[in-house]
Structure formats: C-alpha cells, structure tokens
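Observations on the three-dimensional arrangement
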Amino acid sequence: MINLENKVALIPGGATMIGRKVAHEFIRAGAQVTVCDIDEAGGRELEQEAGGALKFIPADITDDAQIDAVIQQTLDQWGGIDCLVNVACTYLDNGIASTRGEWREALDVNLVSGAIFVQKVAPHMRRRGGGAVVNFASISGKRAQPGRMLYAASKAAIIGATRNEALLLAEDNIRVNCVSPGWVWSNVIRDMTGNDRAKADRVAGDFHLSGRAVDPEEVARTVVFLCSDAASGINGADVPVDSGYAAIGAEQKTDKVAQLSG
C-alpha cells in the first residue's frame, strides 16, 4: 500500500474518468487532493464523491491567471503541493487537414498548459524539499495511427518535455515522469462506443496482450506509484501502461508469418 499521508496532489483535468480514478487513488493513499477542470459539473460531482479530502476548482488551464489562482487556492487549502499530475487533454484532431487554429488549441491544452503548471508549481515543491510530477503522454506519441495528427504530435512532445523537465528540476529533488496509456476505458472511448465496454474490449483485444482495453484504475495506480517514495529511482522515464500495445508491433497477436505458408 502506497503511503502519501501529509502529501498534497494537484490534478489538472481530474474531472475526466481517468482523472477521477487518479484522484481517488491519491485519497486512498492518504493524500489531500485539488482537482481543476473546465468541466464544473463533473468536478463538483467528484468533490461530493471524495468528501473532505478533495477540493475542486473550476478553471480553464489555457489561462495563466486561472492557473495562478488554482495554485494559490491549493496552497491556501492544504498548505503546499507535493505532486502534480497533468491529465488535462483535448482530442481535437482533424488529422492532416487540421487548421493552424486547431494546432494551436491542441498544443496549448495538451502540451503548453502542463508545462506552465510544472513551471509554476516547482518553486512550491522546492520549498517542501522536493516533489513529483507525472505527465500524461500516450501510445499515440510513439506509434503512427490512422486519422491522428494533433493528438499524436502533442503526446510525442510531452515525452520529450518530460525528459527535459526531469533534467532541469533534478537539483530541486523534483522527479518528473510520464505515463503512456494504451486504449483506456475513458471518456472518449465511452462516448465513441455508446458506453459499451464489451465493444471497446472486443476492438482493443487484438493489439493489447490482456485482450481488452486498459482499466483507468490500472493507470491511476501507476501514477500514484510514480509519485511515491517507492519510485524514488525513476526519473525522466516514459512508463507504458498499455498492456503490451507497444511491445507486440504491427503483427499484433496474430501469427502473420505462419499465414505465409498456410
């Protein structure tokens, strides 16, 4: 059991299905949590679920003044910040046809806003003697996928930013890692399937070794581990939570070679 008692976690984008599981996992480990999100209804619902260990703040993370307000309210509420988990994301993506405005919007949400949070939270972690950051990358940042451009480029950039943030903050005892989930039972897949988990698992099965989509709880447990002292030797890493998606390659789980002589 990870013990994060007396630790404070800030989770931008925490009103999403994955973000909620991350928040609950932090609370289970004993931490106090602030979630900020543009989805006020979802955030208020999460706040009610979690009780007194979680504070929700509605915020647009592309606005630096609102980021400053979130950080200050977190400090006022809990007294410090030890962990930052950048979950917030947009799936805006029209592939190769994406406009300049769409590029700017996607990168602003997925990449730049998380980097600004790291920049602004780091001094407060330094005053606490250190801390841990987990950014959300994706398998999409490492493999070409049909119809993707903005999402893939932003997630690839997050992997690179994570390495450099780890280097730049190491002297402050701040570790920075990222997770790269595979297909996760999440807001976007729930909406695409009409809330049909069986369909999601059926489609994902051929290219995940588990034969199903990844559970959001599996991602959340990895995030909390990376923020704990149990992961003190892990820094600047991209940790896959993809049930082998990136390991098995284009042939997936079917023996294509055997079919050549079949």
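In this text the structure is predicted, and so the values were computed from the model without any measurement.

For the rest of this paragraph, the subject is the environment of Y245. Assignment of secondary structure puts Y245 in helix α9 (residues 245-248). The class of Y245 is buried, set by a relative accessible area of 15%. Residues within four places of Y245 in sequence aside, it is in contact with I139, R143, Q145, W183, F207 and H208.

Below, the discussion takes up the environment of M149. Take M149: it is sitting in the loop between β5 (131-136) and α5 (150-169). By relative accessible area, M149 is classed as partly exposed at 27%. With 25 residues separating them along the chain, M149 and I174 place their C-alpha atoms 31 Å apart. Excluding anything up to four places from it in sequence, M149 contacts D93, G95, I96 and W103.

So, about the state of the cysteines. Inspection of the entire model under this criterion finds zero disulfides. C89 provides the cysteine sulfur closest to C36, a residue in no disulfide bond, and the two sulfurs are 14 Å apart. The thiol of C178 is unpaired, and the distance to the nearest cysteine sulfur, on C227, comes to 12 Å. Relative accessible area serves as the criterion here: at 0%, C178 is assigned to the buried category.

Below, the discussion takes up the side chain of E165. The residue E165 is located in helix α5 in this model. One buried charged residue, E165, forms no salt bridge at all, with the nearest opposite charge on R163 at 11 Å. In this structure E165 touches A115, V118, N135 and V176, once residues within four positions along its chain are discounted.

A word on helix α2 (residues 40-50). Residues of α2 that are buried: G42, G43, L46 and A50. Viewed end-on, α2 has its buried residues packed into an arc of 100 degrees, placing them on one side of the element. Exposed residues lying more than 90 degrees from the buried face of α2 are A41 and Q48. Taken together, the buried residues of α2 touch α1 (17-28), β2 (32-37) and β3 (54-58). The backbone nitrogen of A41 lies 3.4 Å from a side-chain oxygen of the residue at the head of α2, namely D39. Of the residues flanking the end of α2, it is G51, one or two places downstream, whose phi is positive at about 75 degrees.

This part takes up the side chain of R20. Considering the arrangement of structural elements, one finds R20 in helix α1. Exposure remark for R20: the relative accessible area of 16% places this residue in the buried category. At a separation of 2.9 Å, a polar atom in the side chain of R20 contacts the main-chain carbonyl oxygen of G42. A polar atom in the side chain of R20 sits 2.7 Å from the side chain of E45.

We now examine the sheet that holds β3. Reading across the sheet, the seven strands line up as β3-β2-β1-β4-β5-β6-β7 and stay open at both edges, with parallel pairing between neighbours. Each having just a single partner strand, β3 and β7 (238-241) make up the two edges of the open sheet. Between one strand and the next, the sheet's axes are offset by a mean angle of 20 degrees, whatever the strand orientation. Pairing of strand β6 (residues 174-181) with β7 involves four bridges; the strand directions are parallel. For C178, the partnering residue across the bridge sits in β7 and is D238.

Turning our eyes to something else, we now look at the nonpolar core. In terms of nonpolar packing, the biggest core is built from 32 residues, with I11, V22, F26, V85, F136 and V223 touching the most fellow members. Elements represented by at least two residues in this core include exactly β1 (8-12), α1, β2, α2, β3, β4 (83-86), β5 and α8 (216-226). Considering every element that reaches this core, the biggest residue donor is α8, with five residues. If we skip the residues at most four places from it in the chain, F26 touches L4, A9, I11, A31, V33, C83, V85, V223, V224 and C227.

Criteria and thresholds
- Residues numbered from 1 in each chain as written.
- Predicted model: local features only at pLDDT ≥ 70, side-chain atom pairs only at ≥ 80, totals over all residues.
- Heavy atoms only, no water.
- Helix = DSSP H or I, 4+ residues; strand = E, 2+ residues; numbered from the N terminus.
- Buried < 20%, exposed > 50% of the residue type's maximum accessible area, 1.4 Å probe, protein only.
- Contact = heavy atoms within 4.5 Å.
- Disulfide = S-S within 2.5 Å.
- Lys, Arg positive; Asp, Glu negative; His and termini not counted.
- Salt bridge = Lys/Arg side-chain N within 4 Å of Asp/Glu carboxyl O.
- Arc of directions from axis to C-beta.
- Polar contact = N/O pair within 3.5 Å; in protein donor to acceptor, adjacent residues only side chain to side chain.
- Pairing = 2+ DSSP bridges.
- Axes fitted to C-alpha atoms, helices over the stretch in contact; angles between N-to-C directions.
- Core = buried A, V, L, I, M, F, W, Y, C linked by side-chain atoms within 4.5 Å.

So far we have only geometry, and geometry alone does not tell us how the molecule works.
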